[in-house]
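So the chains spell out like this:
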Amino acid sequence: MNALNRLLSRPWLWSFAAALAVWIATVAVTAGASSGGLTDAALTFAAFSVFVGIGQMFVITLGPGNVDLSVPANMTLAGTVALKLMDTQDSMILPGILVTLLVGLCIGLANYALIKALRIPPIIATLSTSFIIQSAAIWTNRGLRIKPPPVLADFATSSTFFVPNMALLALLVSVLAWVLLNHTIFGRWIAAIGQSMPAARMAGVPVDGTRLATYVLCAILAAVNGFLLSCFSGGAALNMGNEYLLMSIAVVVIGGSAVAGGDSNVPGIWGASLLMFLIVSMLNTYQFEAGYRLIMTGLIIIAVILVASGRQARPR
Amino acid sequence: MTTRKLLLATAALASVACAAHADTSGKKIALSNNYAGNSWRQAMLQSWDKVTKQAVADGVVAAADAFTTAENQATEQAAQIQNMILQGYDAIVVNAASPTALNGAIKEACDAGIVVVSFDGIVDEPCAWRVAVDFKGMGKSEIEYLKGALPDGGNLLEIRGLAGVFVDDAISAGINEGVAENPQFKNVGAVHGDWAQDVAQKAVAGILPSLPEIAAVVTQGGDGYGAAQAFAAAGRPTPIIIMGNRQDELKWWKEQKDANGYKTMSVSIAPGVSTLAFWVAQQILDGKEVPKDLTVPFLRIDQDTLEANLANTPEGGVANVEYSQEDAIKVIEGTK
């Protein structure tokens, strides 16, 4: 009984439960015939939300007001620059990956420089850098789509042991993030800062260094996501990051992390990412009009958050 | 004697110069554009730049400056138009963020004696001209094509654009009207692809497992390649996918055509429509009688014109046509 209670008190459980329910409702339409294809697609596309979701989760954990709005522009710039550099050549893959990481590093540093040096609130700071980054992406390649190198395109779209490669990569990153968050001093520092920055400072936590590292981590994950997404979908496009701004924040919240910061969990990101993809697939499958589809999506998200937070409040 | 000859010669030269230079040589035209964040809009701006630079160099107009708002917001664009009024432009060519929300600013411009020509994203303020696209006809033309390509009909998957934008409703209405008139076709599913390859790919991948066999995919442009990727990833046979003139779509079509004789067609609006609007504005400034509502032809690519169009389209760009002064005159004459 105690074990069951402990399980039910896990905030991430509800996003998985909702994702499973939606999955069942969707495959029911074809009496189960679509289960393989749908699972495959859900794992693949959830992976992209997981990368940005984890980055955003670290930032949100830093406490109220911390959010990175430069994620979409960052993805666009990293994808554009890396694919242009690789120019479909397999031999250029390593430089392509390095330049992606470099783009992420620079954007993360720039974001935190604005926040710290100019004392601009994170929302405004990252929004302004996103304008600069988006303009840089337009200027780099004027929206032209360059195809990824064939080896990368194959890797991004194929599976290993029936699991999509993208999902495997995302799983690897998730495990690393979980270890970082729960089993390193860095993870403890982030949580401490999120719960109370003055208290963390008094306790000797290197607040600035931790916040800087967190913004850089988020920017690098967004850049990697832009790189992978453009390899997966056959090229970078100027508007490719658009839906990942709200997505990155939504999966954190639905996954059961505290919006006010200080308390977060990695598994919930997966449940929420799968749920976000499956909801749209389910409503498309049942042929809902676009208006109803958005209303339903909103209602389902609210329901999941309510159930999750209600369960979480009592055991504390 | 010599003085008179010289005077005569000067007069002759002056009259020649006047004939070559239209009455608009001192006029300034501005482009008010609401969005630049995709390849179609980038091509639109480049076409504007190329054609108007030449027009300025030839002395047809004094200036043709392009301005794009950062946030794709109607309020921002209204403020931009008000600035253009203050800067003393003679004509404003506008691709509007909203068909209604700019009406106040447009009316102010008209009242200040400025010619306003809207295109692509048109405005419904009566004092402005509209260079509109028959989006409904474009949607219907897809079904017309499929009628010939698939005499037995079949199941259709519809990829729509961005929900809530009138262009999406218009193209979809045309498609569904065509389907209603041709009962051999059945629309078995619709998803929103936001005119973006990656969004379309994601949406199609999600609905595809639950769909029966699909004979054709009807689209709105910018989504055909993503759809093809999703069908390939799901291991399903590739249906006829209507393309939208993007270079990656045309290139994919060409590869399939060479490999297995794949047949389809591609239809969209040429981004160079901005240059048509430019010439229409110039014609109005020139004192020509121009009807308030003009229709642009859409750019269609078929099996036999694929290679030529692919060769003319920049790598990763959009198939394009730039319009000349004569084209504009032809469109104006054709509407009268």
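Calculation notes
- Residues numbered from 1 in each chain as written.
- Chains lettered and ligands numbered in written order.
- Predicted model: local features only at pLDDT ≥ 70, side-chain atom pairs only at ≥ 80, totals over all residues.
- Heavy atoms only, no water.
- Contact = heavy atoms within 4.5 Å.
- Buried area = accessible area lost by both parts, 1.4 Å probe.
- Salt bridge = Lys/Arg side-chain N within 4 Å of Asp/Glu carboxyl O.
- Polar contact = N/O pair within 3.5 Å; in protein donor to acceptor, adjacent residues only side chain to side chain.
- Helix = DSSP H or I, 4+ residues; strand = E, 2+ residues; numbered from the N terminus.
- Buried < 20%, exposed > 50% of the residue type's maximum accessible area, 1.4 Å probe, protein only.
- Phe/Tyr/Trp six-rings, centres within 6.5 Å; stacked < 30°, edge-to-face > 60°.
- Lys NZ or Arg CZ within 6 Å of the ring centre and 35° of its normal.
- Core = buried A, V, L, I, M, F, W, Y, C linked by side-chain atoms within 4.5 Å.
- Domains from an automatic or database assignment.
- Pairing = 2+ DSSP bridges.
- Right-handed = clockwise from strand over helix to strand, strands pointing away.
- Axes fitted to C-alpha atoms, helices over the stretch in contact; angles between N-to-C directions.
- Parallel < 35°, antiparallel > 145°, perpendicular 65-115°, else oblique.
- Left-handed = near helix turned anticlockwise from the far one by under 90°.
- Nonpolar A, V, L, I, M, F, W, Y, C, P; charged D, E, K, R; others polar.
- pLDDT = per-residue confidence, 0-100.
- Disulfide = S-S within 2.5 Å.

S.K.: Just checking my understanding: could you explain the interface of chain B and chain A for this structure?
M.R.: For interface size, the figure often reported is the accessible area lost on association. On the chain A side, the residues contacting the 34 residues of chain B number 32 residues. Across the interface of chain B and chain A, roughly 2800 Å² is buried in total on both sides, 54% from carbon and sulfur atoms. The interface formed by chain B and chain A includes one salt bridge. Its salt-bridge partner being Glu243(A), residue Lys202(B) comes within 3.5 Å of it at the nearest N-O pair. In this structure, the connection of chain B to chain A is made through three residue pairs in polar contact (both at pLDDT 80 or more).

S.K.: Would you take a moment to explain unusual backbone geometry for this structure?
M.R.: Among all residues except glycine, the phi angle is most often negative; among peptide bonds, the trans geometry is most common. Residue and element names in this part refer to chain A. Positive phi values are uncommon outside glycine, yet Phe161 reaches one of about 50°. Relative to the helices and strands, Phe161 resides in the loop between strand E1 (159-160) and strand E2 (163-164). Notably, Gln287 is not glycine yet its phi reads approximately 60°, a positive angle. Relative to the helices and strands, Gln287 is located in the loop between helix H13 (267-285) and helix H14 (290-313). The class for Gln287 is partly exposed, based on a relative accessible area of 46%.

S.K.: Sorry if this is basic, but what is going on with the packing of aromatic side chains here?
M.R.: Evaluated as defined, the whole model comprises nine aromatic pairs over all chains. Seen in terms of ring centroids, Trp48(B) and Phe278(B) are 5.4 Å apart; in terms of plane orientation they differ by 80°. Their pairing is edge-to-face. Here the residue Trp48(B) occupies a position in helix H2 (residues 39-57), and Phe278(B) occupies one in helix H10 (residues 273-285), the gap between them amounting to 230 residues. Note that Lys147(A) overlies the ring of Tyr225(B), its terminal NZ or CZ placed 4.5 Å from the centroid. The ring of Trp129(B) carries the charged tip of Lys292(B) above its face, separated from the ring centre by 4.3 Å.

S.K.: I keep staring at the nonpolar core and nothing clicks. Help me out?
M.R.: For soluble globular proteins, nonpolar side chains are generally found buried alongside one another. Residue and element names in this part refer to chain B. By size, the foremost hydrophobic cluster in this structure holds 177 residues, and its most contacted members are Ile29, Val117, Val131, Leu146 and Val204. Both of domain 1 (17-127 + 270-297 + 320-335) and domain 2 (135-242) provide at least three residues apiece to this core. Apart from the residues lying within four places of it in its own chain, the contact partners of Val131 are Val117, Ser118, Phe119, Asp120, Ile122, Val273, Leu276, Ala277, Val280, Leu294 and Val296. In this structure, Val94, Leu102, Cys110 and Ile114 belong to the second largest nonpolar core, which totals 20 residues.

S.K.: Even after reading the chapter, I still don't get the domain arrangement of chain B, so can you show me in this structure?
M.R.: The assigned domain composition of chain B is domain 1 (17-127 + 270-297 + 320-335) and domain 2 (135-242). Each of domain 1 of chain B and domain 2 of chain B was reduced to a C-alpha centroid, and the two centroids are 33 Å apart.

S.K.: Can you walk me through the pairing of strand E2 (residues 63-68) of chain B in this structure?
M.R.: Two faces, one strand: in a regular strand the side chains alternate between the faces of the sheet. All names here are of chain B. Pairing of strand E1 (residues 28-33) with E2 involves six bridges; the strand directions are parallel. Across the sheet, residue Leu31 finds its bridge partner in E2, namely Ala66. Considered for its hand, the β-α-β crossover made up of E1, H2 and E2 is right-handed.

S.K.: Explain the packing of helix H5 (residues 135-149) of chain B against helix H6 (residues 166-181) of chain B to me, please; I cannot follow it from the model alone.
M.R.: A pair of packed helices can be characterised by two numbers: the angle between their axes and the separation between those axes. Residue and element names in this part refer to chain B. With their axes 7 Å apart at the nearest point, H5 and H6 run at an angle of 40° to one another. Relative to H6, the element H5 is oriented oblique. The two elements H5 and H6 meet at a crossing, and its hand is right-handed. In contact with Phe135, Lys136, Met138, Gly139, Lys140, Glu142 and Ile143 of H5, H6 contributes Val167, Ala170, Ile171, Ala173, Gly174, Ile175, Glu177, Gly178, Val179 and Glu181. In terms of residue class, the contact of H5 with H6 is made up of nine nonpolar, three polar and five charged.

S.K.: How should the confidence of the model for chain B be read in this particular structure?
M.R.: A low pLDDT means the predicted coordinates there should not be read in detail. Mean pLDDT for chain B: 87, with 93% of residues reaching 70 or above. Across residues 12-21 of chain B, where pLDDT falls below 50, the model places two contacts with residues more than four positions away in sequence or in other chains.

S.K.: Explain the sheet that holds strand E4 (residues 115-119) of chain B to me, please; I cannot follow it from the model alone.
M.R.: Hydrogen bonds between backbone atoms are what pair the strands of a sheet, whose relative direction is either parallel or antiparallel. Residues and elements named next belong to chain B. As summarised here, the arrangement of the six strands in space is E2-E1-E3-E4-E5-E11, forming an open sheet in which the pairing is parallel. If you trace the sheet from one side to the other, it starts and ends with E2 and strand E11 (293-296), each paired once. Here the strands of the sheet are splayed against their neighbours by 20° on average, with no regard to which way each runs.

S.K.: Mind showing me how you'd approach the state of the cysteines here?
M.R.: Disulfide: a covalent bond formed between the sulfur atoms of two cysteine residues. All names here are of chain B. Under the criterion given, the structure shown has one disulfide over all chains. The side chain of Cys110 participates in a disulfide bridge whose partner is Cys127; the two sulfur atoms lie 2.0 Å from each other. On the S-S bond that ties Cys110 to Cys127, the torsion sits near 75°, and the link is right-handed. With Cys110 in helix H4 (residues 103-111) and Cys127 in the loop between E4 and strand E5 (129-133), the pair connects residues that are 17 residues apart, well separated along the chain.

S.K.: What should I look at first to understand the pairing of strand E6 (residues 154-160) of chain B in this one?
M.R.: Residue and element names in this part refer to chain B. Most of E6 is tucked away, with five of its seven residues classed as buried. Sheet analysis places E6 next to strand E7 (residues 185-192), joined by seven bridges and oriented parallel. Each bridged residue has a counterpart across the sheet, and for Ile159 the counterpart in E7 is Val191. Looking at chain direction, E6 and strand E8 (residues 216-218) are connected through three bridges and run parallel. Counted as the bridge partner of Leu156 is Ala216 from E8.

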